[in-house]
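Each chain, letter by letter, is given below.
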Amino acid sequence: MSIDSLRRSARATVSGFPQGFWWLWLSTLVNRTGAFVLTFLSLYLTQELGHSAWFAGLVVALHGLGGVAGSPLGGLLTDRWGRRPTMVTMHLAAAACSAALAVVTSAWAIATAVLLMGVAMQAVRPSINATIADMVPAHDVRRAYALNYWALNLGFAIASIAGGAAAFLGYRTLFVVDAVATVLCAVIVFLRLPETRPQAAVDKRGEPVAEEKVSMLTVLRDAPFRTLVLLNLLVCLVFTAPWIGLPLTMAGEGLPPSSYGMVIAVNGIVIVGFQLLVNKLTDKRSPVLLLTLSALLFAFGTGATALAGSSVAFAATVIVWTVGEMIHVPTNAAATARLAPEHARGRYQGVMGMSWAVAGFVAPVAAGAIVGGPGPDVLWTATAAIGVLAAVGYYTRLRKALADEDTLDTPNTPDTPDTPATRDALDTPDTRAGAAEQASVSA
């Protein structure tokens with residue numbers, strides 16, 4: 001492939017987005033470039049403050065627990081208050097928590113700050129995802145989510161390298177830098193990002209059209225979306241397990257901690273280096289097939305960990321499930337945006353975010369217990385089975401709701417609004433069979 005063709009491919013990958021999207025992309029990059037807290041928190045608690053490893057693990061788990069509450073809260077505020085106010089407020093709240101960690105020393109104060117930080121950091125994500133869905137054309141939404149995810153990982157890679165080099169300045173200095181970067185992110189959003197919350201629909205006379213009220217309970221009653229959330233929870237459990245299970249498994253094989261550092265770094269290197277290429281190869285593909293493929297890659301990659309015995313072999317398994325990650329994250333976010341009514345995008349993204357937060361809280365505890373009990377082979381066999389189960393679920397349960405992008409890109413007519421009630425009403429046995437047959441042909 002020539003340099004010119006590579007240049008054209010890169011230009012096609014990043015072209016066609018409004019200016020507001022790139023300001024949002026920049027805010028994500030800036031925010032993650034200063035993301036030092038979670039990376040160095042356990043070391044700060046154990047090495048500088050003298051707390052036990054058990055307490056450090058509990059504090060990190062509290063961050064995930066805060067996310068379970070923060071995700072639906074952020075979704076609710078996104079729809080009622082607006083995208084931009086929610087982002088600015090939650091970014092500033094997260095910055096305040098990070099700055100507090102540089103000052104407080106008591107166990108209770110640290111635990112409270114980390115818990116509230118988890119709430120704020122997770123609460124901002126529904127507003128970011130809803131904003132992307134608002135401003136980007138439907139056929140480019142998945143590509144936009146992929147680019148934003150690339151910015152997130154690029155920023156985190158920079159933070160990991162810079163944080164390690166700057167650790168000699170002290171952990172408290174890193175927490176202050178984190179707070180400053182998060183405030184700068186909020187300033188970018190406040191000054192440059194327009195509010196994108198859809199305006200209330202009006203009829204021919206200019207009178208407001210009553211929209212279907214969507215509560216969190218309504219979101220959970222949306223059968224296709226509920227299925228998407230549950231399947232994403234399964235994938236998230238598989239995705240999160242290696243972050244605890246892999247270092248323990250490698251230690252059991254007699255490999256030093258430095259080997260784990262090099263192996264897990266492969267995840268970030270692959271994402272930063274190849275996310276745009278993967279996005280190009282998967283663009284315009286069926287979302288059902290992409291979600292199915294990503295679940296199988298997670299299953300194969302984590303399952304093969306049970307067979308690995310060297311650093312190279314472990315790194316190879318990480319590459320496999322990292323490719324699954326690069327496919328899954330933007331495709332799942334785009335699928336959520338497709339199933340959500342415009343005026344409820346925040347709530348839908350908030351409920352979806354809960355699946356990530358729940359997995360982030362449950363999987364580390366379960367992975368540690370399984371490795372310490374039945375053994376690592378049981379853990380990796382279980383993750384492989386869960387990944388395959390998720391793949392089967394995507395292919396058999398969501399082929400109607402996400403079957404044809406061209407159909408979903410067609411604007412809704414006033415007679416057939418895209419709402420949870422409409423989707424459930426249309427989900428009759430006859431239409432379900434017809435849609436499945438059509439999906440089989442298109443696939």
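Notes on the structure in this doc start here. (Residues numbered from 1 in each chain as written. Predicted model: local features only at pLDDT ≥ 70, side-chain atom pairs only at ≥ 80, totals over all residues. Heavy atoms only, no water.)

Within the chain, the secondary structure is distributed over 19 helices and 0 strands. Contacts spanning at least 24 positions in sequence make up 85% of the contacts within the chain whose residues lie at least 6 apart. (Helix = DSSP H or I, 4+ residues; strand = E, 2+ residues; numbered from the N terminus. Contact = heavy atoms within 4.5 Å.)

Turning to the packing of helix H10 (residues 223-240) against helix H16 (residues 376-397), a few remarks are in order. Where H10 contacts H16, the two axes come as close as 9 Å, and the packing angle between them is 155 degrees. With respect to each other, H10 and H16 are oriented roughly antiparallel. As for the relative orientation of H10 and H16, their crossing is left-handed in sense. On H16, the residues touching Thr227, Leu228, Leu231, Asn232, Leu234, Val235 and Val238 of H10 are Thr383, Ile386, Gly387, Leu389, Ala390, Gly393, Tyr394 and Arg397. Each residue belonging to the contact of H10 with H16 can be placed in one class, and the counts come to 9 nonpolar, 5 polar and 1 charged. (Axes fitted to C-alpha atoms, helices over the stretch in contact; angles between N-to-C directions. Parallel < 35°, antiparallel > 145°, perpendicular 65-115°, else oblique. Left-handed = near helix turned anticlockwise from the far one by under 90°. Nonpolar A, V, L, I, M, F, W, Y, C, P; charged D, E, K, R; others polar.)

Note on placement: Ser127 falls in helix H6 (residues 107-135). Take Ser127: its relative accessible area is 0%, and that puts it in the buried class. A distance of 2.6 Å separates a polar atom in the side chain of Ser127 from the backbone oxygen of Val124. Excluding its chain neighbours within four sequence positions, the residues that come into contact with Ser127 are Thr78, Arg83, Thr86 and Met87. (Buried < 20%, exposed > 50% of the residue type's maximum accessible area, 1.4 Å probe, protein only. Polar contact = N/O pair within 3.5 Å; in protein donor to acceptor, adjacent residues only side chain to side chain.)

Nonpolar side chains in soluble globular proteins generally cluster together in the buried interior. Counting residues in hydrophobic clusters, the biggest one holds 47 residues, and the most contacted among them are Phe225, Leu228, Leu246, Tyr394 and Leu402. Elements with a minimum of two residues in this core: H10, helix H11 (242-252), helix H12 (257-282), helix H13 (287-303), helix H14 (311-339), helix H15 (345-372) and H16. The biggest single contributor to this core is H14, with 9 residues. If we skip the residues at most four places from it in the chain, Tyr394 touches Leu228, Leu231, Asn232, Val235, Val288, Leu291, Thr292, Ala295, His328 and Arg399. With 28 residues, the next largest nonpolar core counts Trp25, Ala133, Val141 and Trp150 among its residues. (Core = buried A, V, L, I, M, F, W, Y, C linked by side-chain atoms within 4.5 Å.)

Next up on the list: the environment of Ala391. Relative to the elements of secondary structure, Ala391 occurs in helix H16. Owing to a relative accessible area of 3%, Ala391 belongs among the buried residues under this scheme. Between the C-alpha atoms of Ala391 and Val235, which are 156 residues apart in sequence, the distance is 8.9 Å. Once residues within four sequence positions are removed from consideration, Ala391 is found in contact with Thr292, Ala295 and Leu296.

Using the criterion set out here, one finds 7 salt bridges in the structure. Across the salt bridge formed by Asp134 and Arg345, the nearest N and O atoms sit 2.6 Å from each other. Taken as a pair, Asp134 in helix H6 and Arg345 in helix H15 lie far apart in primary sequence, 211 residues in all. A relative accessible area of 13% means that Arg345 is categorised as buried. Notably, a salt bridge pairs Asp140 with Arg143, separated by 3.0 Å at the nearest N-O pair. In this pair, the class of Asp140 matches that of Arg143, namely buried. Salt bridges here are not isolated pairs; linked through shared partners, they connect Asp79, Arg83, Asp134, Arg345 and Arg347. (Salt bridge = Lys/Arg side-chain N within 4 Å of Asp/Glu carboxyl O.)

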